[in-house]
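# Summary of structural features
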Amino acid sequence: QVQLGESGGGLVQAGGSLRLSCAASGRTFSRYGMGWFRQAPEKEREFVAAISRSGDSTNFADSVKGRFTISRDNAKNTVYLQMNILNPEDTAVYYCAAQLLIYEASGYVPREDEGSYRYWGPGTQVTVSS
């Protein structure tokens, strides 16, 4: 089991930046692949970014590629989402999710599908004003 808690959300002007953090409880954080998802009002939840256990591999949605960066610090049990050049379309509740990976093969691509992630944080609101 792992418990997740997001922080860093808030209100920012278009073109600005925010850094989200997701802190995980437990002793086995390094065994989890981590992902970020978001859900805007009246929209389905969508994939944003994901990172492998070691942090060697990342995966980004086309809508955020080049603007967002995902990283992790296993010593701090924390995964980050650095969001730059924000626009109003980025407004959403952002969720952190964890996927237990007992084994992670070389060349593993972090997953984009929600069903791969068993553990979810409560979310943090990001609002981008024009």
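Provided above is the structure to which this section pertains.
Residues numbered from 1 in each chain as written. Predicted model: local features only at pLDDT ≥ 70, side-chain atom pairs only at ≥ 80, totals over all residues. Heavy atoms only, no water.

## Details of the overall build of the protein chain
Filter applied, for reference: Per the convention used, a helix needs a DSSP run of H or I reaching at least four residues, while a strand needs a run of E reaching at least two, with both numbered from the N terminus. With the radius of gyration taken over C-alpha atoms, the globule rule is written as 2.2 Å times the number of residues to the power 0.38. Exposed residues in this analysis have more than 50% of their type's maximum accessible area, buried residues have under 20%, and partly exposed residues fall in between, with area computed by a 1.4 Å probe over protein chains only. For this analysis, residues touch if any pair of their heavy atoms sits within 4.5 Å. Method for areas: the Shrake-Rupley scheme with a 1.4 Å probe, in which residue coverage is limited to the protein chains shown. For the purpose of charge, His is not counted, nor are the chain termini; Lys and Arg are scored as positive and Asp and Glu as negative. Working definition for charges: the position is that of NZ of Lys, CZ of Arg, CG of Asp or CD of Glu.
Each helix and strand counted, the protein chain has zero helices and 11 strands in total. Listing each helix as α and each strand as β along the protein chain from the N terminus yields β-β-β-β-β-β-β-β-β-β-β. For 130 residues, the compact-globule estimate of 2.2 N^0.38 gives 14 Å, and the protein chain sits close to it at 14 Å. Along the first, second and third principal axes, the C-alpha atoms of the protein chain reach 45 × 25 × 25 Å. In the protein chain, which comprises 130 residues, the proportion classed as buried is 43%. Sequence separation of 24 or more characterises 62% of the internal contacts of the protein chain that already satisfy a separation of 6 or more. Summed over all atoms, the accessible surface of the protein chain reaches about 6,900 Å², with 45% contributed by carbon and sulfur. For the protein chain, the centre of its 13 positive side-chain charges and the centre of its 13 negative side-chain charges are spaced 8 Å apart.

## Observations concerning a nonpolar patch on the surface
The test is simple: By definition, no residue in a patch forms a salt bridge, and every one has over 30% relative accessible area; like charges are joined within 9 Å, nonpolar side chains (Val, Leu, Ile, Met, Phe, Trp, Tyr) within 5 Å. Any carboxyl oxygen of Asp or Glu within 4 Å of a side-chain nitrogen of Lys or Arg constitutes a salt bridge here.
Together, Leu100, Ile102 and Tyr103 line one region of the surface with nonpolar side chains, adding up to about 390 Å² of accessible area. Note that Ile102 resides in the loop between strand E9 (92–100) and strand E10 (119–120).

## A look at the sheet that holds strand E3 (residues 18–24)
For sheets, the rule is that strands pair by backbone hydrogen bonds, running either parallel or antiparallel. Using the following cut-off: Strand pairing is assigned whenever DSSP identifies at least 2 bridges connecting the two strands. As a rule, the C-alpha atoms of each element are fitted with a line to give its axis, helices using only the stretch in contact, and angles between N-to-C directions run from 0 to 180 degrees.
With antiparallel pairing, the four strands of this open sheet are ordered in space as E1-E3-E8-E7. Strands with a single pairing partner mark the edges of an open sheet, and in this sheet they are strand E1 (4–7) and strand E7 (68–73). Adjacent strand axes in the sheet meet at a mean angle of 15 degrees, parallel and antiparallel pairs treated alike. Bridge count for E1 against E3 is four bridges, and the pairing is antiparallel.

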